[in-house]
Amino acid sequence: MSIHLDPDKCLACTTCVVHCPVAEATPAFLGPRMIGPAFERFRLLGIVEDDSLKYCANCKNCEIACPQNVPVATINMLARMAQCQEIPPSFRDWIVAHGEVLARGLKYFPAWLKNMGTHLSLMRTLLDWIGIHKDCPMPNFAKTAFRDHLPRLSQKGFAKSVAFFPGCYINYYDPGTGFDLVWLLNQAGYRVFVPKDFVCCGIPLISGGFEKDARDNTRTNLRVLAELNAQKIPVISACPSCRLMLTREIGEFFPELMPKEKISIDDAQSFLLKCIATGELDIKTAHNSSVNISAIYHAPCHLRAQGAGLPALELLSYFPDIAICEANAGCCGISGSYGFKKEKYAIAQSVGARLFQRITTSGRPLVASECGTCRLQIAQATKKPATHPLTLVRAALQGRPLTLG
Amino acid sequence: MQLRTDVLVIGSGPAGLTAALSAAEHGCQVVVASSGAGTLAISSGCIDLLGQYQQQEISDPWEAMTKLPPTHPYSLLGCERVAKALQSFQAILARRKSDYFVAQKDGKNVNSRLPTILGTLKPSYLIPQSLDSSRLFSAKKVLVAGVEGLRDLSPKLCAHELALLPEFAETTFATTLFPSPLSQTHRGVSSLDLARRVASAEGKSWLTTCLGRFANAYDVILVPPILGIKASGQLVSELRQMLHCHVEELLTIPPGVGGIRLRETLIDEAREQKIRFLENVRINKACVSGQHCEYVAAVEDEEENLRLYAKNIVLATGGILGGGLFTTPDQVQEELFNLPVPPVQGQMCNASDVLAAHPISQTGLSVDRSLRPVDVHENMLLDNVFLAGRSIGGYDPADEKSGFGVAIATGWYAGVMAANAAGMEASA
Ligand SMILES: Cc1cc2nc3c(=O)[nH]c(=O)nc-3n(C[C@H](O)[C@H](O)[C@H](O)COP(=O)(O)OP(=O)(O)OC[C@H]3O[C@@H](n4cnc5c(N)ncnc54)[C@H](O)[C@@H]3O)c2cc1C
Ligand code: SF4
Ligand code: SF4
């Protein structure tokens, strides 16, 4: 691994330091400016890595704030991958980064058994012992993974099709959101399929320092994406982190893998907005349903980092039955699997405190956010149900009241 | 994604935020798009209006304002509008229970002189209570207090330099270092770290104990900007009452803490006004037909990430540092609309005094009285684009001490003009 990004665009203005949620939560972290562009100069001199690099959550708030476009978080992740080649990551770090591999391995165990594993207090003690905090929120495995269930849906008579990159979260833990998306796209006249070769986008592997595994996944995904793009089949994602990785990040991490043609993946909400604009999706029926949903929306950091606005908010605003306000209170703290880790749990909770408080005092009974782990963290901390915005859109369009767990 | 709005503000520095609030106040639907968080969050948050005139420090900015050249942004707006802008800004701060004030002398609004960590004095106009320096100039005994591990402030240097100033001929200065409230830190401690700690109950009690040991012996205690992270001034007044001593913050290098307090205040207000923020968006394409901007967009790798249709646009992209102006070795450019930047006037190098004003600081775009961009012959170039803040030329914020003043004045007026042009009734 020998990619180094130019640190010299940094003016040392400290804007990123002010906006880094981890630096706010703990003085044990050098902070974005120092660990990113400043330390990069030491790295170029071959000076040994600073131990506090491990605190960077790859949340991207530094990059969102930086006026000079310095890829601070990417510099950090490249450094982490280089570091992990010297010092192999722990067993725990392997586990949290390889959710997909694990889930595939456990495929033939029933969900209740797997979920017992994540909820029984004895198991939690065991997980705690290997470094997964005993109080951290954990997702439940769905009975059937989204990708296994999708072929059983009858989607007949659609002239157009769209390829869906479901990501690990929707696939293993939250197929319901996937089906809401399928339903909505069917309404717009699209058949939805998942190409069989799609694998984990690789962002958890990057954050964990597993360069080779991330590269392998990237190579596979790029091949599939290039084929789809060549056939002019639109590809969409409903997970901000997957889309961030597949559109913006892979070129920074693996420039040598990038094809000449631009790879394009649309945000699911953004795609639906286009369907409304072209008339493919008719939302008139939504105007005489009476579903009355009141929710507060949390914009995931990895969505904000994409710089393409907040399409979910835009989409929700089309439905008079949905009263939505924006939390606008920064990071939830979980950062993928960061908040699962024993030594990071307290930091993750402290980072999310402002958001939790805003949600609690908002008086809204429901939280909406695209990111699965954000929802997990928020639901645990605020005791309010949290759903994907697409679930609300479907409810409003179908005139079907939400059933909330 | 595509979006439609009445007013689009590009840039979220002080000029952009003020423009957004003023357009929203006049009934417009407002979207703010910016790449980067702007300079506000790292500043000290004091609003410089006009601190120097012809390199001399002045007390009454309003009197000096009438003498500025006709091309200065204040002259283009006129003193009355500048005053109205500041009033409107103060009203926002008051509504948010923020404690900004302007010093008075002989019934006039005047500049305050604020001590810095280097032991110098800087003039500023609209300032928070924590920076109230009125007692400093009559104090007999002053303590400069630093904090262990906070390398930005050397109390001895600060006190030594202040004592050399004629204003303090009768004052005695002492110094101390408070023990750090942060047990183990891996990085150098900043004022912001301490301010965040003081915002907690333990941090507040740490500070009260530290100050309490000295409060009886001194008239004024100067501290780095660590008095919490809220602009409400509640903590400051509580401390002053409890200790019977005037605790006051020093201006410091970034992050200046005061700026974060101010920014959060403005963003809270913006949220209440339902202003929408689009982050990490670098607007780099403008579609103009004739003199009218149809839409702007953020393009990356030849793909349009975002397209924004607005009836009116406020361009508040800042100067060279903010990203609104781009420099090459021999010229300055504005890249979005390709607006003409008048060539730099004056001697570019070999300045004998490196701290004196430099002509590059005057560089920026030309506007008419409605803040629309114009060419060298004063012809209007765009009919629905209004400029605000540092991207406008004809003034030197560093030398004049007028940065946020111009940003707020032009921001407010650009917001009003944009609202007017969008068909809203706005009085100015
Ligand atoms: C460190 C520092 C501290 C200062 N402290 C003070 C102080 O305490 N008091 C004072 O009165 N003055 C102060 N000044 C001066 C003052 O900051 C400037 O005069 C003032 O910030 C100008 O405000 P602005 O809103 O025009 O520009 P900026 O604050 O520079 O904001 C520009 C904004 O536009 C965005 N932007 C630029 N290009 C694009 C684009 N293409 N697309 C999208 N967004 C874009 C930027 O990201 C940014 O958000 C300080 C300056 C600095 C550098
Ligand atoms: S915000 Fe950007 S330019 Fe400023 S210190 Fe951080 S990385 Fe450097
Ligand atoms: S990615 Fe997040 S945690 Fe890491 S330096 Fe940037 S802001 Fe801080």
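Structure: see above.
Every chain begins its residue count from 1, and numbering advances along the sequence as written. All chains are assigned letters beginning at A, and all ligands numbers beginning at 1, according to the order in which they are written. pLDDT decides what is reported in this predicted model: residues at 70 or higher carry local features, side-chain atom pairs at 80 or more are listed and counted, and totals for whole chains, interfaces and linings draw on all residues regardless. No hydrogens and no water enter the side-chain calculation; it runs on all heavy atoms of the structure.

## A look at the overall build of chain A
Now for step 1: Counting secondary structure elements, chain A contains 21 helices and eight strands.
Now for step 2: When the backbone C-alpha atoms are referred to their principal axes, chain A occupies close to 65 × 50 × 45 Å.
Now for step 3: When each of the 405 residues of chain A is scored for burial, the buried share is 59%.
Now for step 4: Of the contacts made within chain A by residues no fewer than 6 positions apart, 75% connect residues no fewer than 24 positions apart.
Now for step 5: Roughly 16,400 Å² of accessible area belongs to chain A as shown, and the carbon and sulfur atoms make up 57% of that amount.
Now for step 6: Charge assignment: positive for Lys and Arg, negative for Asp and Glu; neither His nor the chain ends contribute. For this purpose, a charge sits on NZ of Lys, CZ of Arg, CG of Asp or CD of Glu. Here chain A contributes 43 positive and 34 negative side-chain charges, whose respective centroids are spaced 5 Å apart. Per the convention used, a helix needs a DSSP run of H or I reaching at least four residues, while a strand needs a run of E reaching at least two, with both numbered from the N terminus. Throughout, exposure labels follow a simple rule: accessible area from a 1.4 Å probe, protein chains only, divided by the maximum for the residue type, with under 20% read as buried, over 50% as exposed, and the rest as partly exposed. Contacts are residue-level and defined by heavy atoms, with any inter-residue pair within 4.5 Å sufficient. Using a 1.4 Å probe, accessible areas were evaluated by the Shrake-Rupley method; residue-level cover was limited to the displayed protein chains.

## A word on the site of ligand 2
All names here are of chain A.
Now for step 1: Any residue with at least one heavy atom within 4 Å of a molecule or strand is counted as near it. Neighbouring ligand 2 are 14 residues; Cys 10, Leu 11, Cys 13, Cys 16 and Cys 66 lie closest to it.
Now for step 2: Elements represented by at least two residues in the shell around ligand 2 include exactly α1 (15-19) and α3 (32-44).
Now for step 3: Residue composition of the shell around ligand 2, by class: 10 nonpolar, three polar and one charged. Under the convention adopted here, Pro, Cys and the residues Ala, Val, Leu, Ile, Met, Phe, Trp and Tyr are nonpolar, Asp, Glu, Lys and Arg are charged, and Gly plus all remaining residues are polar.

## Quick notes on the packing of α3(A) against helix α5 (residues 72-86) of chain A
Residue and element names in this part refer to chain A.
Now for step 1: A fitted line through C-alpha atoms represents every axis, and for helices the fit uses only the stretch in contact; the resulting angles, taken between N-to-C directions, go from 0 to 180 degrees. Put simply, α3 and α5 touch, their axes get as near as 9 Å, and they point 55° apart. Relative to α5, the element α3 is oriented oblique. For the element pair α3 and α5, the recorded crossing hand is left-handed. Judged by residue contacts, Pro 32, Ile 35, Gly 36, Pro 37, Glu 40 and Arg 43 of α3 engage Val 72, Ile 75, Asn 76 and Ala 79 from α5.
Now for step 2: Residue composition of the contact of α3 with α5, by class: six nonpolar, two polar and two charged. An angle below 35 degrees is treated as roughly parallel, one above 145 as roughly antiparallel, one from 65 to 115 as roughly perpendicular, and anything else as oblique. Handedness of a helix crossing follows the sense of rotation of the near helix relative to the far helix, less than a right angle counterclockwise being left-handed and clockwise being right-handed.

## Observations concerning the sheet that holds strand β3 (residues 235-237) of chain A
Residues and elements named next belong to chain A.
Now for step 1: Pairing is parallel across the open sheet formed by four strands, whose spatial order is β2-β1-β3-β4. Each of the sheet's edge strands pairs with one partner strand only, and the pair in question is β2 (190-193) and β4 (266-267).
Now for step 2: Summarising the sheet, strand β1 (residues 160-165) and β3 pair through three bridges and their orientation is parallel. Across the sheet, residue Phe 164 finds its bridge partner in β3, namely Ile 236.
Now for step 3: Packed on one face of the sheet, helix α12 (residues 175-187) meets β1, β2 and β3 and runs near 150° to β2. The criterion for strand pairing is that DSSP finds at least two bridges linking the strands in question.

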